[in-house]
Amino acid sequence: MSNAVLITREPVINKQYKITANRLIVHASSVGQAVETLSNLADVWPATHPVFVSLYRLVPTPDLLVWRAPPNAMVEIPTQAIAHPLTLALIPRLKAAGISLNLTWYQPDTVVPPDVPWRFVIIDAKRQPVPLAPPGLAIAWGLQDVPEFRNAIVGGFDGASGWFFLHGVKTDGKLAPSHAQIVRLLNLVRKNAEVKEIENVLKQDVALSYKLLRYINSAGFGLMCEIQSFRHAVSILGYDKLHKWLSVLLISASRDPSAPALMQTAIARGRFMEQIGAAFFEKSELDNLFITGAFSMLHLLLGASLQSALEEMNLPAPICDALLGGDGVYAPFLKLARALESFDDKHLAALADDLHITPEHINRAHLEALSFADSLQFG
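Counting of residues starts from 1 at the beginning of each chain's written sequence and follows it residue by residue. Reporting in this predicted model follows two pLDDT cut-offs: at least 70 for local features of residues, and 80 or more for side-chain atom pairs to be given and counted; totals over whole chains, interfaces and linings ignore these cut-offs and use all residues. Only hydrogens and water are set aside when side-chain values are computed; all heavy atoms of the structure are taken into account.

Undergrad: An account of the packing of helix α14 (residues 331-339) against helix α15 (residues 345-354) is requested, with residue identities and associated values reported.
TA: Axes here mean lines fitted to C-alpha atoms, for a helix over just the part in contact, with angles spanning 0 to 180 degrees between N-to-C directions. Numbering of helices and strands starts at the N terminus; helices are DSSP runs of H or I of at least 4 residues and strands are runs of E of at least 2. Their axes nearest at 9 Å, the elements α14 and α15 cross at an angle of 155°. Between α14 and α15, the angle falls in the class roughly antiparallel. Between α14 and α15 lies a crossing whose hand is left-handed. Residues K335, L336 and A339 of α14 touch α15, and the partners they reach there are H347, L348, L351 and A352. Classifying every residue of the contact of α14 with α15 gives five nonpolar, one polar and one charged. In this scheme, roughly parallel covers angles under 35 degrees and roughly antiparallel covers those over 145, while 65 to 115 is roughly perpendicular and the rest are oblique. Two helices cross in a left-handed way if the nearer one is turned anticlockwise from the farther one by less than a right angle. They cross in a right-handed way if the turn is clockwise. By the convention used here, residues are in contact when the closest approach between their heavy atoms is within 4.5 Å. By the convention adopted, Pro, Cys, Tyr, Trp, Phe, Met, Ile, Leu, Val and Ala count as nonpolar, Lys, Arg, Asp and Glu as charged, and the other residues, Gly among them, as polar.

Here it is as structure tokens:
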């Protein structure tokens with residue numbers, strides 16, 4: 001896989017802790033190779049939010065213009081390349097094509113070309129904890145945890161890029177009553193309880209019913225008709241699919257400020273595992289793969305330990321094995337989903353190679369999963 005193109009990502013979070021953009025890091029050996037890969041992914045391109053496109057260690061050159069960039073794409077120009085003749089030739093042509101530009105690794109002494117309308121400016125917050133006269137909206141990078149994010153916002157940053165929100169969250173509590181109610185529903189559905197019994201539980205919390213129907217009717221689900229009631233959902237979807245969507249409901253029940261970003265990540269993991277796993281498992285198991293990915297962040301979302309959360313649910317052994325022990329048949333797919341959230345393309349390539357999955361399949365499932373997660377509109 002030495003010449004393979006792989007795409008990893010990190011989210012861009014605004015002051016309200018919501019994902020406001022997706023940052024795609026394209027690991028390629030040439031700009032032409034990156035362009036070919038991006039062009040082949042046009043049909044699964046995530047369109048809900050702006051998408052920052054980083055060519056990582058490559059110097060951006062006019063070869064990039066072969067790519068028909070989607071309207072929400074923003075090309076990153078690293079300051080290390082900004083004086084390169086080919087990059088200087090590219091910038092005005094991107095501007096003329098109406099493609100937004102972001103400046104990365106900005107420092108106060110960076111000399112930038114005149115008259116470039118930079119949209120976002122990514123700054124390494126470890127080197128520059130306070131943004132000093134950036135030529136666009138300042139995005140902090142390199143934050144370690146949620147407290148550092150709060151400090152960055154207080155210091156003048158407009159948002160941050162990275163996975164800091166996975167750290168600095170207390171997770172040693174028990175399930176809250178609102179979470180326990182959803183777990184009760186999950187258990188009833190898994191046991192194929194009578195529809196009336198499940199409806200009675202849902203009627204105790206109208207907000208839960210509303211959110212469940214909203215998710216099921218979201219664009220990402222792709223139903224041909226609108227689901228009007230829980231009973232209608234049972235007749236159209238069946239219990240297995242309902243269990244999946246009650247699982248989404250559980251991870252959306254968090255009141256933590258970081259919850260919208262956590263939820264998008266959890267759903268993207270689950271959807272990716274579901275997509276990749278289709279070649280390895282029976283169709284009846286794919287919802288379990290989705291739940292494994294989605295529940296991999298349950299401890300962060302619910303503020304309870306993963307062990308205590310899972311003890312309340314009657315989940316199949318492969319899900320628990322992957323989540324609690326990092327082993328079993330689902331574990332390699334969860335590791336693969338997590339590897340997308342990194343700059344380490346070598347590790348991602350090795351995991352994909354072990355499973356005999358092509359880079360093209362990884363990239364396509366990755367972007368489709370991201371599109372799907374964004375379509376649910378958390379928060």
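That shown, we press on.
Undergrad: Help me get a handle on the layout of surface pockets, residues and values and all.
TA: Each cavity reported here is a set of points on a 1 Å grid over the protein atoms alone in which a 1.4 Å probe fits but cannot get out, each pocket an open set with protein on both sides within 12 Å along at least five of seven lines, and each lining residue one with an atom within 4 Å of a point. Grid points are joined across faces, edges and corners, and a volume is the space filled by probe spheres set on the points. For the largest pocket, the calculated volume is near 350 Å³. Considering the residues around the largest pocket, the lining is formed by 16 residues, among which Y56, R57, P78, Q80 and W105 are closest to the centre. Residue composition of the lining of the largest pocket, grouped by class: 10 nonpolar, three polar and three charged.

Undergrad: How would you explain helix α8 (residues 239-251) if you had to name every residue and give the values?
TA: Residue count minus one, scaled by 1.5 Å, sets the expected span of a helix. The end-to-end C-alpha distance of α8, which contains 13 residues, comes to 19 Å, matching closely the 18 Å that a straight helix rising 1.5 Å per residue would cover. Most of α8 is tucked away, with 11 of its 13 residues classed as buried. Only protein chains enter the area calculation, which uses a 1.4 Å probe; residues under 20% of their type maximum are buried, those over 50% are exposed, and those in between are partly exposed. All buried positions along α8 are accounted for by Y239, L242, H243, K244, W245, L246, S247, V248, L249, L250 and I251.

Undergrad: Give a description of the nonpolar core that names residues and reports values.
TA: Among buried residues, the Ala, Val, Leu, Ile, Met, Phe, Trp, Tyr and Cys ones that are joined through side-chain atoms within 4.5 Å form a nonpolar core. Residues F295, L336 and I362 are the most contacted members of the largest nonpolar core, which totals 133 residues. Take this core: its biggest share by element is 10 residues, from helix α9 (residues 259-277). With residues near it in sequence (within four places) discarded, F295 still touches L186, S247, L250, I251, L306, L310, M313, L315 and L323. Ranked by size, the runner-up nonpolar core spans seven residues in total, among them V12, A21, F120 and I139.

Undergrad: Pulling in residues and values, what's your account of the environment of L310?
TA: Relative to the assigned elements, L310 resides in helix α12 (residues 306-311). Looking at L310, the relative accessible area reads 5%, which means it is buried. Once you skip the residues sitting within four places of it in the chain, L310 turns out to touch F295, L315, L323 and L324.

Undergrad: Give me the lowdown on the pairing of strand β7 (residues 137-141), citing residues and values where you can.
TA: In this analysis, strands are considered paired if DSSP registers two or more bridges between them. Bridge count between strand β6 (residues 118-124) and β7: five bridges; the pairing is parallel. Looking at the pairing, D124 lines up with W141 of β7. Bridge analysis of β7 against strand β8 (residues 159-161) gives three bridges, and the strand direction is parallel. Of the residues in β8, the one forming a bridge with W141 is S161. A crossover connection joins β7 to the parallel β8 through helix α3 (residues 146-154); in handedness this β-α-β unit is right-handed. Consider the strands pointing away from the viewer: the crossover is right-handed when the path from the first strand over the helix to the second runs clockwise.

Undergrad: Let's hear about the packing of aromatic side chains: which residues, and what values?
TA: The way to describe two aromatic rings as a pair is by their centre distance and the angle between their planes. A pair of Phe, Tyr and Trp rings is counted when the ring centres sit within 6.5 Å of each other, with Trp represented by its six-membered ring. The angle between the planes then sorts it: under 30 degrees is stacked, over 60 is edge-to-face, the rest tilted. Counted by the stated rule, this structure contains 14 aromatic pairs. Relative to F343, the ring of W141 has its centre 6.1 Å away and its plane inclined at 85°; by these criteria the two rings are edge-to-face. Here the residue W141 occupies a position in strand β7, and F343 occupies one in the loop between α14 and α15, the gap between them amounting to 202 residues. Taken together, Y17, F149, W163, F164 and F165 form an aromatic cluster joined through their ring pairs. When the NZ atom of lysine or the CZ atom of arginine is within 6 Å of a ring's centre and also within 35 degrees of its normal, the charge is said to sit over that ring. Its guanidinium or amino end placed over the ring of F290, K244 lies 4.6 Å from that ring's centre, counting from NZ or CZ. Of note, R271 hangs over the ring of F372, and the distance from its end group to the ring centre comes to 4.0 Å.

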